[in-house]
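Residues per chain are reported as follows:
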Amino acid sequence: ITRPEMEIGRYHWMYRSSRPHQYHHVPALRGNISPLGIQGCFECCIKCLGGVPYASLVATILCFSGVALFCGCGHVALTGTVSILEQHFSTTVSDHALLSEVIQLMQYVIYGIASFFFLYGIILLAEGFYTTSAVKELHGEFKTTACGRCISGMFVFLTYVLGVAWLGVFGFSAVPVFMFYNIWSTCEVIKSLQTNVTVPGEQICVDIRQYGIIPWTAVPGKACGPILENICNTNEFYMSYHLFIVACAGAGATVIALIHFLMILSSNWAYLKDASKMQAYQDIKAKEEQELQDIQSRSKEQLNSYT
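Bear in mind the structure is a predicted one, so any value in this text is a computation, not a measurement.

## Topic: the overall build of the protein chain
1) Next: In terms of regular secondary structure, the protein chain is built from seven helices and two strands.
2) Next: Along its sequence from the N terminus, the protein chain presents helices and strands in the succession α-α-α-α-α-β-β-α-α.
3) Next: In the protein chain, which comprises 307 residues, the proportion classed as buried is 35%.
4) Next: Contacts in the protein chain between residues at least 24 apart in sequence constitute 79% of all its contacts with a sequence separation of at least 6.

Structural data, given as structure tokens:
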């Protein structure tokens, strides 16, 4: 037995594709698939829907909703808070000048937060589409690159930092809710004591200066009895109180959305890492198959030369 014959025998033993062709029964075509293999409208729609990253889409909608509630309601509530302070707790402009500047700065920050998260949510959604395509077409011509994997890792780190920051924003947004709740509960106590003569409502007061938002030299700085009750009945107080509650809920929804994004991005990064390993394996396998085909062709040429 010559060496070319040994090579051909080993190739036939390792690969079934070199064995004689076996015919199999081909089932009849059904559905909207034409005999030429062209897919119908239903199959194309199913394929398109299968490539949609639904988890990223839900997280994006939740993130947009939470940021919109926080920014919109927070902006209007801050404006109402300044109006309440100027009218009832600090009649001197110099006493609340610093607070007004801080609130104005926070409103500009709200504009920046809304713009940033609008762009960031779209980028994360696009990254979800990219990763879904990479996983769906892993065995096709789609190739994941090292740059794509690095970008996915960067998004994981950035989303983690933003999630921690929004936890602080969520805690900070609960402070005005606590303050307005104390004022509202005090007004309810005054209403309940109107029938009790022994405890006059004028002795029940709310001092805003104790929260540190205005200095102790501010005049009047506090509201008591019927004056406080009238403040609670104003439209500014009612709107600001409820808008701060909605803004706090929006901040909580944003935190949940960022945690959701963090889980999605971590999973996508792991998928891309596995896809890169699978690509390396397929490249090595294709190279080995090509080498075996070259050996077979050379063996056939040697056999022909011998014969």
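## Some words on the confidence of the model for the protein chain
Note: predicted coordinates in regions of low pLDDT should not be interpreted at a detailed level.
1) Next: Summarising the model, the protein chain shows a mean pLDDT of 77, and 72% of its residues fall at 70 or more.
2) Next: Ranking the elements of the protein chain by mean pLDDT puts helix H1 (residues 3-14) last, at 48, and helix H3 (residues 54-89) first, at 90.
3) Next: Counting interchain partners and residues more than four positions distant, the pLDDT-below-50 stretch residues 138-142 has nine contacts.

## Structural notes on the nonpolar core
1) Next: By size, the foremost hydrophobic cluster in this structure holds 50 residues, and its most contacted members are Phe-89, Phe-117, Trp-166, Ile-183, Ile-208 and Leu-228.
2) Next: Sorting the residues of this core by element identifies H3, helix H4 (97-136), helix H5 (146-192), helix H6 (225-232) and helix H7 (235-306) as the ones contributing at least two each.
3) Next: For this core, the leading source of residues is H7, giving 13 residues.
4) Next: Trp-166 has contacts with Val-67, Phe-70, Ile-113, Phe-117, Ala-251, Thr-254, Val-255 and Leu-258, leaving out every residue within four places of it along the chain.

## As for the packing of aromatic side chains
1) Next: Enumeration according to the criterion identifies 14 aromatic pairs in this entry.
2) Next: A ring pair is formed by Phe-64 and Phe-118, whose centres lie 5.7 Å apart and whose planes are at 25°; its orientation type is stacked. Taken together, the residues Phe-64 in helix H3 and Phe-118 in helix H4 connect sequence positions 54 residues apart.
3) Next: By relative accessible area, which is 28% here, Phe-64 ends up partly exposed.
4) Next: Each residue in the set Phe-70, Phe-116, Phe-117, Tyr-120, Phe-155 and Trp-166 is aromatic and connected to the rest through ring pairs, giving one cluster.

Calculation criteria
Residues numbered from 1 in each chain as written. Predicted model: local features only at pLDDT ≥ 70, side-chain atom pairs only at ≥ 80, totals over all residues. Heavy atoms only, no water. Helix = DSSP H or I, 4+ residues; strand = E, 2+ residues; numbered from the N terminus. Buried < 20%, exposed > 50% of the residue type's maximum accessible area, 1.4 Å probe, protein only. Contact = heavy atoms within 4.5 Å. pLDDT = per-residue confidence, 0-100. Core = buried A, V, L, I, M, F, W, Y, C linked by side-chain atoms within 4.5 Å. Phe/Tyr/Trp six-rings, centres within 6.5 Å; stacked < 30°, edge-to-face > 60°.

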